[in-house]
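Spelled out, the chains give:
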Amino acid sequence: QVTLVESGGRLVQSGGSLRLSCAASGRTFNDYMMGWFRQAPGKEREFVAVISWNGGSTDYADSVKGRFTISRDNAKNTVYLQMNGLKPEDTAVYYCAARMGRWTLYKRGTDYNNWGQGTQVTVSS
């Protein structure tokens, strides 16, 4: 198991930027594929982005493509989500998630068995 702790969420104006961080501890970080998910009030959790173990492959939800960038620093056991051009509809609790595996990029929440506690992102119009 790996323990995940997100940070960086806050209130930001529409069009602004934020960088979320997720620090991992417990097991070898580069054994894990990392994902970001989000859940808005009254909505189901949805996939945002995923990155392979070495950062060589990424994938994004259509709603964030071109605005969000996922990256990782295996030396720091941390995954990041750079969010630019934020919109009010990006308001949600953002969660990072981890699962062992290297090559297939998983985009369903049920594929992940390690989750952080979440960090709130609020985008004002």
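Residues numbered from 1 in each chain as written. Predicted model: local features only at pLDDT ≥ 70, side-chain atom pairs only at ≥ 80, totals over all residues. Heavy atoms only, no water.

A. View of the environment of Phe29. Take Phe29: it is sitting in the loop between strand S3 (18-25) and strand S4 (32-39). Sequence separation between Phe29 and Lys76 is 47 residues, and the spatial gap between their C-alpha atoms is 9.0 Å. (Helix = DSSP H or I, 4+ residues; strand = E, 2+ residues; numbered from the N terminus.)

B. Looking closely at the environment of Gly15. Along the chain, Gly15 turns up in the loop between strand S2 (11-13) and S3. Sequence separation of Gly15 and Leu105 is 90 residues, and the distance between their C-alpha atoms is 29 Å.

C. Expanded view of the packing of aromatic side chains. Per the counting criterion, the structure on display carries four aromatic pairs. When the ring of Phe37 is compared with that of Tyr112, the centres are 5.3 Å apart and the planes differ by 75°; the resulting orientation is edge-to-face. You can see Phe37 sitting in strand S4 and its partner Tyr112 sitting in the loop between strand S9 (92-100) and strand S10 (114-115), a full 75 residues away along the chain. With respect to burial, Phe37 and Tyr112 carry one shared label: buried. Ring geometry for Tyr112 against Trp115: centres 6.3 Å apart, planes inclined by 65°, an arrangement best described as edge-to-face. (Phe/Tyr/Trp six-rings, centres within 6.5 Å; stacked < 30°, edge-to-face > 60°. Buried < 20%, exposed > 50% of the residue type's maximum accessible area, 1.4 Å probe, protein only.)

D. The pattern of salt bridges, seen in detail. A full pass over the atoms with the stated rule returns six salt bridges. Where Arg108 meets Asp111, a salt bridge forms, and the shortest distance between an N and an O atom there is 3.0 Å. In this structure Arg108 comes out as exposed when scored by relative accessible area, which is 54%. Where salt bridges share partners, they join Arg38, Glu46, Arg67 and Asp90 into one cluster. (Salt bridge = Lys/Arg side-chain N within 4 Å of Asp/Glu carboxyl O.)

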